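Observations on chain architecture
Residues per chain, in single letters:
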Amino acid sequence: DGYMWVVSNRYGSYYAFRPTRSGQVIKEILNNYTGPVVTDGYSGYNALDKAKVKQAFCWAHGRREFIQLEDHDPTVRPILDKIDRLFEIEREAKDFEGLKDLREKKSNIVIDELEELLLKEYPQSRPGSQKRKAIEYLLKRWSGFKVFLSDTRVPLSNNEAERTIRHAVVGRKNYYGSGNHIGAESAATLFTIVESCKKNDIDPR
């Protein structure tokens, strides 16, 4: 048993197999890296050296908490509309300079409106309810959810990493995983080479 970790951006993907899910793994993988990372809310990422690595949170994961409520709780629709608006603004950008401008002029306003809406809805939600937990998921990490506003390197979501790890998951189903840890580490190396080649239009063969 073990876990396939992945760090990914538009230039490449790095896979690492480890027998543990401890946050120390990501600390080891990032090592001397300084800059932002986008993650979900997994507590293991608290091991990151916050002095060097600025943690941003994934809006797709934040949105997911409300999607499950949408069919039977119409009060979450305005919250989802605000989050969807953030993604719409991102798609308007033609380049990074345009993205910076859009985030300053449009996304900032949406974020302020969303925070106001969350603070309004919070006391109206029942303690322990799924809606309150969804609101708390955002508010407890609010500063991390706002990192994208001041750094164009930060995407709204970690969907890139989610897509990257999907290859390993589908493969595992097809060939029933690796026979041992050495085999899994070899697979991680090959995944890294092939996926990074694909992103750079290089024939991995």
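You'll find the structure just up there.
Right, let's walk through the structure included here.

1. As for the packing of aromatic side chains
The description of an aromatic ring pair uses the distance of the two centres, along with the angle that the planes make with each other. The tally for this structure, following the rule as stated, stands at 6 aromatic pairs. Measuring from ring centre to ring centre gives 5.9 Å for Trp59 and Trp142, while their planes differ by 80°; the resulting arrangement is edge-to-face. With Trp59 in helix H2 (residues 59-67) and Trp142 in helix H6 (residues 142-145), this pair connects stretches of sequence that are 83 residues apart. In this structure Trp142 comes out as buried when scored by relative accessible area, which is 6%. Between Trp59 and Phe145, the ring centres sit 4.7 Å apart and the planes meet at 55°, which makes this aromatic pair tilted.

2. Thoughts on unusual backbone geometry
For Asn31, which is not glycine, the phi torsion reads 45° and is therefore positive. For Asn31, the position within the fold is in the loop between helix H1 (24-30) and strand E3 (35-39). A positive phi is found at Asp201, a non-glycine position, where the angle reads about 55°. Mapped onto the secondary structure, Asp201 falls in the segment after helix H8 (181-199).

3. A word on the pattern of salt bridges
Tallied over the entire structure, the rule returns 17 salt bridges. The partner of Arg163 in a salt bridge is Glu160, with the nearest N and O atoms 3.4 Å apart. Separated by 3 residues within a single helix, Arg163 and Glu160 lie in helix H7 (residues 159-175), roughly one turn from each other. Here Lys198 ties to Glu195 by a salt bridge, and the two come within 3.0 Å at their closest N and O atoms.

4. A closer look at the nonpolar core
Trp59, Phe66, Leu118, Leu138, Trp142 and Phe148 are the most contacted members of the largest nonpolar core, which has 29 residues in total. Elements that contribute at least two residues to this core include exactly strand E4 (53-57), H2, helix H3 (77-92), helix H4 (96-121), helix H5 (130-139) and H6.

5. Comments concerning the pairing of E3
Within E3, 4 of the 5 residues are buried, which leaves the element mostly enclosed by the surrounding structure. Pairing of E3 with E4, which is carried by 5 bridges, proceeds in the parallel orientation. Looking at E4, one finds that Pro36 is bridged to Lys54.

6. Digging into the environment of Leu99
Locating Leu99 in the fold gives a position in helix H4. When its relative accessible area of 8% is taken as the criterion, Leu99 is described as buried. Separated by 10 residues in sequence, Leu99 and Ile89 have C-alpha atoms that sit 8.5 Å apart. Setting aside chain neighbours within four positions, we find Leu99 in contact with Glu90, Ala93 and Thr152.

7. Some points on the side chain of Thr39
Summarising the element assignment, Thr39 is placed in strand E3. By relative accessible area, Thr39 is classed as buried at 6%. In terms of polar contacts, Thr39 uses its side chain to reach the side chain of Gln55, at 2.8 Å. Sequence-distant contacts of Thr39, defined by excluding residues within four places in its chain, comprise Tyr45, Gln55, Ala56, Phe57, Cys58 and Asn158.

8. Concerning the environment of Lys27
Mapped onto the elements of the fold, Lys27 is located in helix H1. A relative accessible area of 40% places Lys27 in the partly exposed class. Taking the C-alpha atoms as reference points, Lys27 and Gly44, 17 residues apart in sequence, are found 9.7 Å from one another.

9. Considering H8
Given a rise of 1.5 Å per residue, 19 residues ought to cover 27 Å, and the 27 Å separating the end C-alpha atoms of H8 matches this to within 8%. Of the residues making up H8, those classed as buried are Ala184, Ala187, Ala188, Phe191, Thr192, Glu195, Ser196 and Cys197. Sitting at the amino-terminal end of H8 is Asn180, which places a side-chain oxygen 3.2 Å from the backbone nitrogen of Ile182. At the C-terminal side of H8, Asp201 shows a positive phi close to 55°.

Criteria and cut-off values
- Residues numbered from 1 in each chain as written.
- Predicted model: local features only at pLDDT ≥ 70, side-chain atom pairs only at ≥ 80, totals over all residues.
- Heavy atoms only, no water.
- Phe/Tyr/Trp six-rings, centres within 6.5 Å; stacked < 30°, edge-to-face > 60°.
- Helix = DSSP H or I, 4+ residues; strand = E, 2+ residues; numbered from the N terminus.
- Buried < 20%, exposed > 50% of the residue type's maximum accessible area, 1.4 Å probe, protein only.
- Salt bridge = Lys/Arg side-chain N within 4 Å of Asp/Glu carboxyl O.
- Core = buried A, V, L, I, M, F, W, Y, C linked by side-chain atoms within 4.5 Å.
- Pairing = 2+ DSSP bridges.
- Contact = heavy atoms within 4.5 Å.
- Polar contact = N/O pair within 3.5 Å; in protein donor to acceptor, adjacent residues only side chain to side chain.
- Expected span 1.5 Å × (residues − 1).

Honestly, that's just the spatial picture; any functional story needs more than this.
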